[in-house]
Amino acid sequence: MKKKQTRREVFLSEMEAVVPWGLLLGLITPHYPKAGPKGGRPPMPIETMLRVYFLQNWYALSDPMAEEMLYDSEAMRRFAGIELGDDRIPDETTILNFRHLLERHGLTEAIFAEVNTHLADKGFTLRSGTLVDATIIDAPSSTKNKAKARDPEMSSTKKGNDWFFGMKAHIGVDAESGVIHSVETSTAKVHDSQVWDALLHGNETSVWADKGYVSAERAAAFSGPGQFWGVMRKAPKGGKLHPLEESTNRIIAKVRARVEHPFRVIKCQFGHVKTRYRGLAKNRAQLFTLFALGNLFLARRKLMA
């Protein structure tokens, strides 16, 4: 009977409306455990587990905290389809096992692909241009753990005057729709430009990126009729850019600014500012889910129109 919806309730109602539940459940069902012929405790409903998994990613929850929040938050229980007192609430081990199932069968990448197919069916097709960028995801540098060491799959890199330890998320974004169509990951010390080819869909007539992707060879290969090399111009060492190139950079900057939106969503909206797991594989799997959900979040207004 309350008169006001909280921001959490508004967000969850919007995501409830735009997530293609039937398609995603169809991907997972063949791999989900069934009740045994001898009876025993039946598995949790698959849709409940998928919804809890999405709650984890939207609110940056660990497995134990996800269980806690299902007890604490009525809005989250309602979204997950759980009635307190009538239904079982999945414990942290059940939540962990579901996440491991997705990782083991490569289902987070399948979720990302299925969401993009769904968006394409709704009119969010790939056009002619791709925006390319990467962001650093910090990893804990503490050695206060069982191995008494930092994560060996993470590495350090310098950006400006600061050093960072962690991994990188590389994305290719459609210049018109803003849909993330390609995702790749690497340890932090890998230079952004080394992941270039994995981020293009192959039918681009324009590409847009910052100065880290400057390459005379790629620029020459992308200089045909009807093509535009939208990589920020870089001044020669000890020199200055020509005024015409400065003007070109301003135009490029306005276009490529859109590539920052997905990073803002996963870091500021979903709170994914640090890696949660050790090793690249688990964190890579989570990033595919985050960017799939990020695509749905960015497209939600048009999907609900």
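Residues numbered from 1 in each chain as written. Predicted model: local features only at pLDDT ≥ 70, side-chain atom pairs only at ≥ 80, totals over all residues. Heavy atoms only, no water.

A. Representation of the pattern of salt bridges in the model. Evaluated as defined, the whole model comprises 14 salt bridges. The partner of R51 in a salt bridge is E16, with the nearest N and O atoms 2.6 Å apart. Of this pair, R51 sits in helix α3 (residues 46–58) while E16 sits in helix α1 (residues 7–18), and the two are 35 residues apart along the sequence. In this structure R51 comes out as buried when scored by relative accessible area, which is 7%. A network of salt bridges, in which partner residues are shared, links D133, D210, R256 and E260. (Salt bridge = Lys/Arg side-chain N within 4 Å of Asp/Glu carboxyl O. Helix = DSSP H or I, 4+ residues; strand = E, 2+ residues; numbered from the N terminus. Buried < 20%, exposed > 50% of the residue type's maximum accessible area, 1.4 Å probe, protein only.)

B. Examining the environment of G106 more closely. For G106, the position within the fold is in the loop between α6 (92–104) and α7 (107–121). Between the C-alpha atom of G106 and that of N203, which follows or precedes it by 97 residues, the distance is 26 Å.

C. Region of interest: the packing of α1 against helix α11 (residues 280–304). Running from amino to carboxyl end, α1 crosses α11 at an angle of 85°, the nearest separation of the two axes being 9 Å. Considering the angle they form, α1 stands roughly perpendicular to α11. Contacts between α1 and α11 involve F11, E14, M15 and V18 from the former and L293, L296, F297, R300, R301, L303 and M304 from the latter. Of the residues belonging to the contact of α1 with α11, the class tally is 8 nonpolar, no polar and 3 charged. (Axes fitted to C-alpha atoms, helices over the stretch in contact; angles between N-to-C directions. Parallel < 35°, antiparallel > 145°, perpendicular 65-115°, else oblique. Contact = heavy atoms within 4.5 Å. Nonpolar A, V, L, I, M, F, W, Y, C, P; charged D, E, K, R; others polar.)

D. Quick peek at helix α9 (residues 243–256). Taking 1.5 Å per residue as the helical rise, α9 with its 14 residues ought to reach 20 Å, and the 20 Å between its terminal C-alpha atoms agrees with that figure. Of the positions making up α9, those classed as buried are T248, N249, I252 and R256. All buried residues of α9 fall inside an arc of 105° around its axis, so they share one side. What points out from α9, more than 90 degrees from its buried face, is the exposed set P243, R250 and K254. Where α9 is buried, its residues touch β1 (129–138), β5 (206–209), β6 (228–231) and α10 (260–269). (Expected span 1.5 Å × (residues − 1). Arc of directions from axis to C-beta.)

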